[in-house]
Amino acid sequence: MKKIISAAARINMAAFTKKANLNQNDAFISSFTGRYSSAESSYIGRGDFSMNKKNIWGLYGGFTSYHFNDLKAGSGVLPETGYSQFAGDLRYDLELTKKSHITLATQSMRQEDVPRTHKTVNAISYQGSSIGTEIQRNYDQRRDLSYLKYTFENAVITLSRQDHIENRDRIRVGDNRDLQGFNVRDIGLSARFKKNWSETHNLAYGIEIHRQHAGSYSTAGTIANPFNSIGIQGPIADDASYDSNEVYIQDTWAISDASDLISGIRFSKFKLNANRVEDPNTGTAFAIKDSWQAITGALRHNHYINNFQTIYSGISQGFRAPNLSDLTSDLEDSVSEIPTPNLSPERFLQLEFGTKNRKRIFTYDIALYHTFINDMIVRSPTGNTLPSGTPEVAKSNVGDGFIQGFELELEYAIDPQLKLFALSSLQNGKVNQYANAEDSGSLSREPTDRLMPASLTIGLRWQSVINSLFGEVWAWSMGDADKLSFRDRTDTQRIPPGGTPAFTVFGISGGVKINKNATWTIAIENLTNKNYRVHGSGVNSPGFNVITTYTVSF
């Protein structure tokens, strides 16, 4: 039975929000963290608190403020790249019995005037990348999440509400200004149960239900009055809903003390109803209604060689139904999309094999994977270009192909205080796509969009015996990103002609735990002030950068 529980815990790991410690005596604790980065003269501050009544209730909350000025890359200052962001969170936990408790939590984030610089005349060319033509393109964004979770013996039930709101303000040449945005509300219900139905089988099963409603808008006019005309929709359909219903069951079978088999099956059903979609040919409104369903399965085997080393293998199916963006997007960003009804779901089959070692002196994770892709929705150039210079793409389900790769993470203890670490990844993938979406004879198998180049990080980490002082030196390298899809080749504002060049940057960091209530760290990144760009980002990365962080609790 012990083996069943440990295996289930490994596969069902999730991210948890920070909370008050109910197990300690009645207490009130607060802390403040300040961070400064020289590359964008940014200031980040967070204050939080935790209070509790032992074994009864706990309350945790915090607020974070971010202020980024214009970024200084290896080539110099990148104008119009600064913005501000604010975030807050609050969580209350109440113990009902020894085996049950309630959690009520809320999180909120705001971003103000975030520039999409690569689309504007303020962009700085990198290795021949093109410059945008817009005077301004700024985004405001808001995300809110609230949930109520009831946990009792062998079950978790969660009711959630999420809101995502985004607004764009664009100014183009010739006194032209337009506004657009969307809001999406998601009401979710999930319930997960587990049961030991024999000495060797542990069962987990549940449901996931989400109800989404979306609205959008667009207006156009002059800088002084951007409301001269009102569009049918914004970046996605207006007055739209998207529902998902899923049921799953998973069995963990302890074959022996050294082996277990995890199998699962999921039934998924999705339904879309978009009432206001703009017909790109007539400019009139029409509706899209569609639904999709699928049964998918997964099988994973774990073999425990000893207490430190595990070998695993697995096969799993994937299914992605078209979403509002796929079917109804009317968006001009790195490329221009138009609403495209009658798209089909994407389907995937992944094979994976790996091994993990957790010995104190030498630890590693090695993983190999190969994913078969069927009916992927790809965006192929049409050969047309908007007056703004943005290339137009058309969407279709022709994307049959594959993605395969290798990932490695290791750490070797040279001595108790000094460790060598390395992380590496290598990926390759191709899918069918059109060189010209209006020419059916131009179909060929090409690299997937934004294919990640080979990556390697290697370094040394030192930790003092008393654990109050530490230091680290590292190098991060990425290879040439020259395997480009047809869409990537047209996106010359984000990606230089021929691809994004390779780079290697170096850094050093360290810190000290001053006392039990205070910690200070400092890091120096990009020691050589390398001018480089992460593939597909559209903006150059920080040059020589000093980052310092101080945390104090009381």
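Residues numbered from 1 in each chain as written. Predicted model: local features only at pLDDT ≥ 70, side-chain atom pairs only at ≥ 80, totals over all residues. Heavy atoms only, no water.

To continue, consider the overall build of the protein. A tally of regular secondary structure across the protein gives three helices and 28 strands. For a compact globule of 554 residues, the expected C-alpha radius of gyration is about 24 Å, and the protein comes in at 26 Å, within 12% of that figure. The dimensions of the protein, computed from C-alpha atoms along their principal axes, are 65 × 55 × 45 Å. Taking as baseline every contact in the protein between residues at least 6 positions apart, the subset at least 24 positions apart corresponds to 62%. Carbon and sulfur atoms make up 57% of the accessible area of the protein, which amounts to about 28,000 Å² in all. One finds the centroid of the 57 positive side-chain charges in the protein at a distance of 8 Å from the centroid of its 57 negative side-chain charges. (Helix = DSSP H or I, 4+ residues; strand = E, 2+ residues; numbered from the N terminus. Rg over C-alpha atoms; globule rule 2.2 N^0.38 Å. Contact = heavy atoms within 4.5 Å. Areas by Shrake-Rupley, 256 points an atom, 1.4 Å probe, with all protein chains shown as cover. Lys, Arg positive; Asp, Glu negative; His and termini not counted. Charge placed at Lys NZ, Arg CZ, Asp CG, Glu CD.)

Leu272, Ala274 and Trp292 are the most contacted members of the largest nonpolar core, which totals 19 residues. Mapped by element, the contributors of at least two residues to this core are strand 13 (238-256), strand 14 (259-278), strand 15 (285-304) and helix 2 (324-328). (Core = buried A, V, L, I, M, F, W, Y, C linked by side-chain atoms within 4.5 Å. Buried < 20%, exposed > 50% of the residue type's maximum accessible area, 1.4 Å probe, protein only.)

So, about the packing of aromatic side chains. Summed over the entire model, instances satisfying the criterion amount to 15 aromatic pairs. With a centroid separation of 6.2 Å and 40° between ring planes, the pair formed by tyrosine 242 and phenylalanine 270 is classed as tilted. With tyrosine 242 in strand 13 and phenylalanine 270 in strand 14, this pair connects stretches of sequence that are 28 residues apart. Phenylalanine 270 matches tyrosine 242 in its accessibility class, with the two residues each being buried. Ring centres of tryptophan 476 and tyrosine 532 lie 6.3 Å apart, and the angle between their planes is 85°; on these two criteria the pair is classed as edge-to-face. Linking tryptophan 476 in strand 25 (residues 469-478) with tyrosine 532 in the loop between strand 27 (518-525) and strand 28 (545-553), this pair joins segments that are 56 residues apart in sequence. An aromatic cluster of three or more residues is present, and its members are Tyr66, Phe68 and Tyr83. (Phe/Tyr/Trp six-rings, centres within 6.5 Å; stacked < 30°, edge-to-face > 60°.)

A few words now on a nonpolar patch on the surface. Among the surface-exposed residues, Ile361, Phe362, Tyr412, Ile414, Leu460, Val473, Phe506, Ile508, Leu527 and Phe544 lie close enough to one another that they form a single nonpolar patch of about 840 Å² accessible area. Broken down by secondary-structure element, the contributors of at least two residues to the nonpolar patch are strand 21 (391-415) and strand 26 (503-515). Assignment of secondary structure puts leucine 527 in the loop between strand 27 and strand 28. Judged by relative accessible area, leucine 527 falls into the partly exposed class, the value being 39%. (Patch = residues over 30% accessible without salt bridge, like charges linked within 9 Å, V, L, I, M, F, W, Y side chains within 5 Å. Salt bridge = Lys/Arg side-chain N within 4 Å of Asp/Glu carboxyl O.)

Below, the discussion takes up the pairing of strand 26. Side chains on a regular strand alternate between the two faces of the sheet. In this structure, strand 25 lies alongside strand 26, joined through 10 bridges in antiparallel fashion. The residue of strand 26 that forms the bridge with glutamate 472 is serine 509. For strand 26 and strand 27, the ladder comprises eight bridges, and the chain directions are antiparallel. Paired with glycine 511 across the bridge in strand 27 is threonine 521. The antiparallel hairpin formed by strand 26 and strand 27 contains two residues in its connecting segment. (Pairing = 2+ DSSP bridges.)

On to the environment of arginine 347, then. By the element assignment, arginine 347 lies in strand 19 (residues 346-358). Relative accessible area serves as the criterion here: at 38%, arginine 347 is assigned to the partly exposed category. On a C-alpha basis, the gap between arginine 347 and threonine 296 in space is 9.6 Å, while along the polypeptide they are 51 residues apart. Here arginine 347 is in contact with Gln293, Ala294, Gly318, Phe319, Phe372, Ile373 and Asn374, once residues within four sequence places are set aside.

The topology assignment puts threonine 81 in the loop between strand 5 (76-78) and strand 6 (83-97). In this structure the side chain of threonine 81 is engaged in a polar contact, spanning 2.8 Å, whose partner is the backbone oxygen of leucine 78. In this structure threonine 81 touches Asn69, Asp70, Leu71, Pro115, Thr117 and Val539, once residues within four positions along its chain are discounted. (Polar contact = N/O pair within 3.5 Å; in protein donor to acceptor, adjacent residues only side chain to side chain.)

Glancing now at a positive patch on the surface. Residues Arg211, Lys269, Lys271 and Lys289 make up a contiguous surface patch of positive charge. Mapping lysine 269 onto the fold places it in strand 14.

Looking now at the confidence of the model for the protein. Confidence along the protein averages 93 in pLDDT terms, with 97% of residues attaining 70 or more. Throughout residues 1-15 the model reports pLDDT below 50, and contacts reaching past four residues in sequence, or to other chains, amount to 24 contacts. (pLDDT = per-residue confidence, 0-100.)

Inspection of every chain in the model, using the stated rule, returns 32 salt bridges. Between aspartate 449 and arginine 487 there is a salt bridge, and its shortest N-O distance comes to 3.3 Å. Of the two residues, aspartate 449 is situated in the loop between strand 23 (443-447) and strand 24 (455-463) and arginine 487 in helix 3 (residues 486-490); the sequence distance between them amounts to 38 residues. Classification of arginine 487 as buried rests on a relative accessible area of 16%.

Turning next to the side chain of glutamine 141. Tracing the sequence through the fold places glutamine 141 in strand 8 (residues 136-152). Looking at glutamine 141, the relative accessible area reads 15%, which means it is buried. In this structure glutamine 141 touches Met109, Arg110, Gln111, His164, Ile165 and Glu166, once residues within four positions along its chain are discounted.

Backbone geometry at aspartate 239 places phi at a positive 50°, although glycine is not the residue there. In this structure, aspartate 239 sits in strand 13. The phi torsion at asparagine 529 lies on the positive side, around 55°, for a residue other than glycine. On the secondary structure map, asparagine 529 appears in the loop between strand 27 and strand 28. Judged by its relative accessible area of 34%, asparagine 529 falls in the partly exposed class.

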